[in-house]
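Chain and residue survey
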Amino acid sequence: MNAPLAEDRLQRILDLLARNGSMRTTALTQALGVSGATTRRDLDTLERRGQIRKMHGGAALASQDQQYQDRAQLQQTAKQRLAGAALNLIRPGQILYLDAGTTARTVAQALRRTPELTRTLRVVTHGIDVAYELNGECPLYVVGGDLYGSTFSLTGPDALDTVRRYRYDLFLVGCTSIDPTRGLTNSNLIEAQQKAAIIAQSTRTALIADSSKWGPAGFATFATLDQIHDWVTDHAPGAARTAFEARGVTVHTTD
């Protein structure tokens, strides 16, 4: 394979890791449409350049802080549209749990622009950036725990114990990927456990994820499709819409 194609492939790997956090080598291989041997050689090249760090069975960007900032710049217009659609699911007076991550931060920014709704809410989050956006805008409870720098989130045993103590009217959750068999998955096991615990305490759960998340499963499953009530997305490929609607999920598209 010639050099330009190889460089395009390397950039694609960096883009995938920036969006998803960490990914398994098998998932990267499927996303790239190449052999496993090619993916492993590409990962070796990126590691030598200092751009990624390899882990058992997968890889992540070398700098987690840069990883978050890179993700924050991706698909900003699409995220803003998703956030606007997500606001339509929120009702005055609810206890709202907002996930951590760049999409959740965009929802928080949208809430700041709608004070007539936001001031009626009680918001719970484990996202530091989400809390920053909503500070002073509404009653706000921040779950404490260990800092996971990839998503600016607070996780771990203390956070897990805390989220299990309360109930939530609506949970707006993101994911690394959506797989028709394995369901909603995340690149980090600790965050996946936390999302699962929040879903168990929530009356309604809405997935906020664009159509690019429909694909190979991530590392850890935190929900099956039938545990979700709504999917807010840019557009729903036929197979994805069929899979969700067959399980009673309402699909909301921004297209």
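- The name given to the protein in an unreviewed UniProt entry is Glycerol-3-phosphate regulon repressor, with Deinococcus seoulensis as the source organism.

Describing the packing of helix H2 (residues 25-32) against helix H3 (residues 36-48)
- Running from amino to carboxyl end, H2 crosses H3 at an angle of 110°, the nearest separation of the two axes being 9 Å. Classified by the angle their axes make, H2 and H3 are roughly perpendicular. Residue-level contacts link Thr25, Leu28, Thr29 and Leu32 of H2 to Gly36, Thr39, Arg40 and Leu43 of H3.
- Tallied by class, residues from the contact of H2 with H3 come to three nonpolar, four polar and one charged.

Some thoughts on the pairing of strand S9 (residues 168-173)
- Among the six residues of S9, six are classified as buried, and the element is accordingly described as predominantly covered.
- Pairing analysis gives three bridges linking strand S4 (residues 95-98) to S9, with the strands arranged parallel. For Tyr97, the partnering residue across the bridge sits in S9 and is Phe171.
- Alignment of S9 against strand S12 (residues 202-208), held across five bridges, turns out to be parallel. If you follow Val173 over to S12, its bridge partner there is Leu207.

Conventions adopted
Residues numbered from 1 in each chain as written. Predicted model: local features only at pLDDT ≥ 70, side-chain atom pairs only at ≥ 80, totals over all residues. Heavy atoms only, no water. Axes fitted to C-alpha atoms, helices over the stretch in contact; angles between N-to-C directions. Helix = DSSP H or I, 4+ residues; strand = E, 2+ residues; numbered from the N terminus. Parallel < 35°, antiparallel > 145°, perpendicular 65-115°, else oblique. Contact = heavy atoms within 4.5 Å. Nonpolar A, V, L, I, M, F, W, Y, C, P; charged D, E, K, R; others polar. Buried < 20%, exposed > 50% of the residue type's maximum accessible area, 1.4 Å probe, protein only. Pairing = 2+ DSSP bridges.

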